[in-house]
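Inside the fold
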Amino acid sequence: MAKKFYEYCEEKSLVSSDAPFISFNCAQYADNPELLTSSLFGYKKGAFTGAEEDHVGIFEQAQNGVLFLDEVQRLSAHGQEKLFTYLDDSVVYRVGEATHPRQLNVRSLFATTESLGSSFLKTFIRRIPVQIKVPSIYERTLSEKKELIWSFFMAESKIVNREFKIYPELIDELVKVRYKDNIGGMKSKIKKIVAMSIIHDNGDLLLKPEQSKKISFHKNQEELQIITPQTTLPDIISQKGSNDNALNRMISLITNSISAGGETMDFGELASNCYNAVNDFNDYLVFKHAQSDMPINYYSTEINRIIDFFRDDYNRKFVGKTC
């Protein structure tokens, strides 16, 4: 998001095309406040033992550009206070130069994974004019999750310069995974899937779902999604699958959610997964059914088939809308 902010500033000529974008992780220096201060603001030769020459801090390196401080909650209260001078007056002092302010023009962004009331000084928070909460992966819509998955597969395709053929069930499987490390966990899992596919490569990178399925819906490669190094997200979003394809994806997500969850899955999560799947397909019917020859009763037939499947294979009893 910080990088996109920088690209926006560049597009609107708020910064020049060669303006710096600097990312700095405060966690690396959390246990050494002196080193953190000198890294942020720089120091003058002779300011402390080992300071054998003048050193430019990252604030000065980011002059006329964008500085992104990640994990800013790792700054101590004293470390936060050292930012006040810049936030208030746009000046910094190198260590050892208390009477030599340096005027800067740096757009700064800070990121934290903690609540603002946990480890931040109120005097620090009030100096941040715009505060944005980026939703976790669990707070995102089904379509957002899928777009993230596709974007990561596209990035991997560019890195390895290979074409991928992806089963739709794999996407459905990745959507419902509980990622311990949020979106970073999703990205890492996709990297692992691609790496394992390359290791077992037989000339055709065919990316299949990891879990075995009792029901297999996609049996021919015409239904596979093709990703090349040139594929863009709008390419994928604009592609129009068949009604059968849309229906199969809905059924696959519902069955996979229940099959994988067993007795440990939270009912609210299961209900949400199933609701999203059915809702997506309902939207498909409402807005695209006019272009199709699929009868509506085919939809109800397939839903009944799901109910029969879980009644027979999982010994579930359905009474009206309850299970």
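See the structure shown above.
Residues numbered from 1 in each chain as written. Predicted model: local features only at pLDDT ≥ 70, side-chain atom pairs only at ≥ 80, totals over all residues. Heavy atoms only, no water.

Structural notes on the pattern of salt bridges
Rules: Any Lys or Arg side-chain nitrogen found within 4 Å of a carboxyl oxygen on Asp or Glu counts as a salt bridge. Only DSSP runs of H or I with at least four residues qualify as helices, and only runs of E with at least two residues qualify as strands; both kinds are numbered from the N terminus onward. Only protein chains enter the area calculation, which uses a 1.4 Å probe; residues under 20% of their type maximum are buried, those over 50% are exposed, and those in between are partly exposed.
Inspection of every chain in the model, using the stated rule, returns eight salt bridges. For the salt bridge of Arg94 with Glu60, the shortest nitrogen-to-oxygen distance reads 2.8 Å. Residue Arg94 is located in the loop between strand S5 (91–92) and strand S6 (102–103), and its partner Glu60 is located in helix H3 (residues 58–61); the two are separated by 34 residues in the primary sequence. For Arg94, a relative accessible area of 9% corresponds to the buried category.

A word on the packing of aromatic side chains
Selection rule: Here the aromatic set is Phe, Tyr and Trp, taking the six-membered ring for Trp, and pairing holds for ring centres within 6.5 Å; pairs whose planes are under 30 degrees apart are stacked, those over 60 apart are edge-to-face, and all others are tilted. Lysine NZ or arginine CZ positioned within 6 Å of the ring centre and within 35 degrees of the ring normal marks a charge as sitting over the ring.
Tallied over the full model, the rule gives seven aromatic pairs. Taking the centre distance of 5.8 Å and the plane angle of 45° together, the rings of Phe110 and Phe124 count as tilted. Taken as a pair, Phe110 in strand S7 (residues 107–110) and Phe124 in helix H5 (residues 122–125) lie far apart in primary sequence, 14 residues in all. With relative accessibility at 2%, the residue Phe124 sits in the buried group. Clustering of aromatic rings is evident, with ring pairs tying together Phe41, Phe59 and Tyr86. Above the face of the Phe84 ring, Arg127 is positioned so that its terminal group lies 3.9 Å from the ring centre. Residue placement shows Arg178 over the ring face of Tyr138; its charged tip is 4.2 Å from the ring centre.

Let's talk about the pairing of strand S4 (residues 66–70)
Put simply, the test is: When DSSP finds two or more bridges between two strands, those strands count as paired.
Counting buried positions along S4 gives four out of five residues, so the element sits mostly inside the fold. Relative to S4, strand S1 (residues 21–25) runs parallel, the two sharing five bridges. In the strand pairing of S4, Phe24 is matched with Leu69. When S4 meets S7, the two strands line up parallel, connected through four bridges. For Leu69, the partnering residue across the bridge sits in S7 and is Phe110.

Some words on a nonpolar patch on the surface
The criterion, for reference: Think of a patch as exposed residues, more than 30% relative accessible area, with no salt bridge, where like charges cluster within 9 Å and nonpolar side chains (Val, Leu, Ile, Met, Phe, Trp, Tyr) cluster within 5 Å. Using the Shrake-Rupley algorithm and a 1.4 Å probe, accessible areas are obtained, with residue cover drawn only from the displayed protein chains.
A cluster of nonpolar side chains, namely Met1, Val130, Ile132 and Val134, defines an oily patch on the protein surface of about 440 Å² accessible area. Turning to its location among the elements, Met1 is positioned in the segment before helix H1 (2–11). Note on Met1: relative accessible area 64%, which makes it exposed.

Notes on the layout of surface pockets
Convention followed: Definitions used for this entry: grid spacing 1 Å over protein atoms alone; cavity, a set of points where a 1.4 Å probe fits but cannot get out; pocket, an open set with protein on both sides within 12 Å along at least 5 of 7 lines; lining residue, one with an atom within 4 Å of a point. Grid points are joined across faces, edges and corners, and a volume is the space filled by probe spheres set on the points. Here the term charged refers only to Asp, Glu, Lys and Arg, the term nonpolar to Ala, Val, Leu, Ile, Met, Phe, Trp, Tyr, Cys and Pro, and the term polar to all other amino acids, Gly among them.
Approximately 1,600 Å³ is the volume found for the largest pocket. Taken together, 38 residues line the largest pocket, and the ones lying closest to its centre are Met1, Phe110, Ala111, Ile132 and Val134. The set of elements that each furnish at least two residues to the lining of the largest pocket consists of H1, S4, S7, H5 and helix H8 (182–199). Of the residues assigned to the lining of the largest pocket, the class counts are 21 nonpolar, seven polar and 10 charged.

Brief notes about empty space enclosed by the protein
Taken as a whole, this structure holds one cavity of 30 Å³ or more when the rule is applied. Forming the boundary of the largest cavity are Pro33, Leu36, Thr37, Leu40, Phe41, Ser76, His78, Gly79 and Lys82. Where the lining of the largest cavity is concerned, the elements lending two or more residues are helix H2 (33–41) and helix H4 (77–89). Counting residues per element, the lining of the largest cavity draws most heavily on H2, which supplies five residues. For the lining of the largest cavity, a count of residues per class yields four nonpolar, four polar and one charged.

Digging into the nonpolar core
To keep it simple, the criterion reads: Within this scheme, the nonpolar core is defined by two criteria: the residues are buried Ala, Val, Leu, Ile, Met, Phe, Trp, Tyr or Cys, and they are joined through side-chain atoms within 4.5 Å. What makes two residues a contact is simply this: any of their non-hydrogen atoms within 4.5 Å.
Residues Phe24, Leu40, Phe59, Leu67, Leu69, Leu83 and Phe124 are the most contacted members of the largest nonpolar core, which totals 23 residues. Sorting the residues of this core by element identifies S1, H2, H3, S4, H4 and H5 as the ones contributing at least two each. For Phe59, the residues in contact, after removing those within four places along its chain, are Leu40, Phe41, Leu67, Leu83, Tyr86, Val92, Leu104 and Val106. One finds Ile137, Phe153, Met154 and Ile236 within the second-largest nonpolar core, a separate group that totals 22 residues.

Side note on the sheet that holds S4
The strands making up a sheet associate through backbone hydrogen bonding, with each pair oriented either parallel or antiparallel. Filter applied, for reference: Geometry is summarised by axes, namely lines fitted to C-alpha atoms with helices restricted to the contacting stretch, and by angles between N-to-C directions that run from 0 to 180 degrees.
An order of S1-S4-S7 is seen for the three strands of this open sheet, with the pairing classed as parallel. Because the sheet does not close on itself, it has two edges, and the strands there are S1 and S7. Neighbour-to-neighbour, the strand axes of this sheet turn through a mean angle of 15°, independent of strand direction.

Here's the deal with the packing of helix H6 (residues 142–160) against H8
Each pair of packed helices can be described by the angle between their axes along with the distance between the axes. Note the following rule: With respect to orientation, any angle under 35 degrees is reported as roughly parallel, any angle over 145 as roughly antiparallel, any angle of 65 to 115 as roughly perpendicular, and every other angle as oblique. Helix crossings get a hand from a simple test, with the near helix turned counterclockwise from the far one by less than a right angle marking a left-handed crossing and a clockwise turn marking a right-handed one.
In contact at an axis separation of 10 Å, H6 and H8 are set at 45° when each is read in the N-to-C sense. Put simply, H6 runs oblique to H8. Here H6 and H8 pass one another in a crossing that is right-handed. Residues Lys145, Leu148, Ile149, Phe152, Phe153, Glu156, Ile159 and Val160 of H6 lie in contact with H8, whose contacting residues are Ile183, Met186, Lys187, Ile190, Lys191, Val194 and Ile198.

Side note on H1
Every α-helix winds through 3.6 residues per turn, so residues three or four apart in the chain are directed the same way. Going by this rule: Comment: arc refers to directions from the helix axis out to C-beta atoms.
Among the residues of H1, those classed as buried are Ala2, Tyr6 and Cys9. All buried residues of H1 fall inside an arc of 60° around its axis, so they share one side. Facing away from the buried side of H1, by more than 90 degrees, are the exposed residues Lys4 and Glu11. Those residues of H1 that are buried are in contact with S1, S4 and S7. Ser13 sits one or two positions beyond H1 and adopts a positive phi of about 60°.

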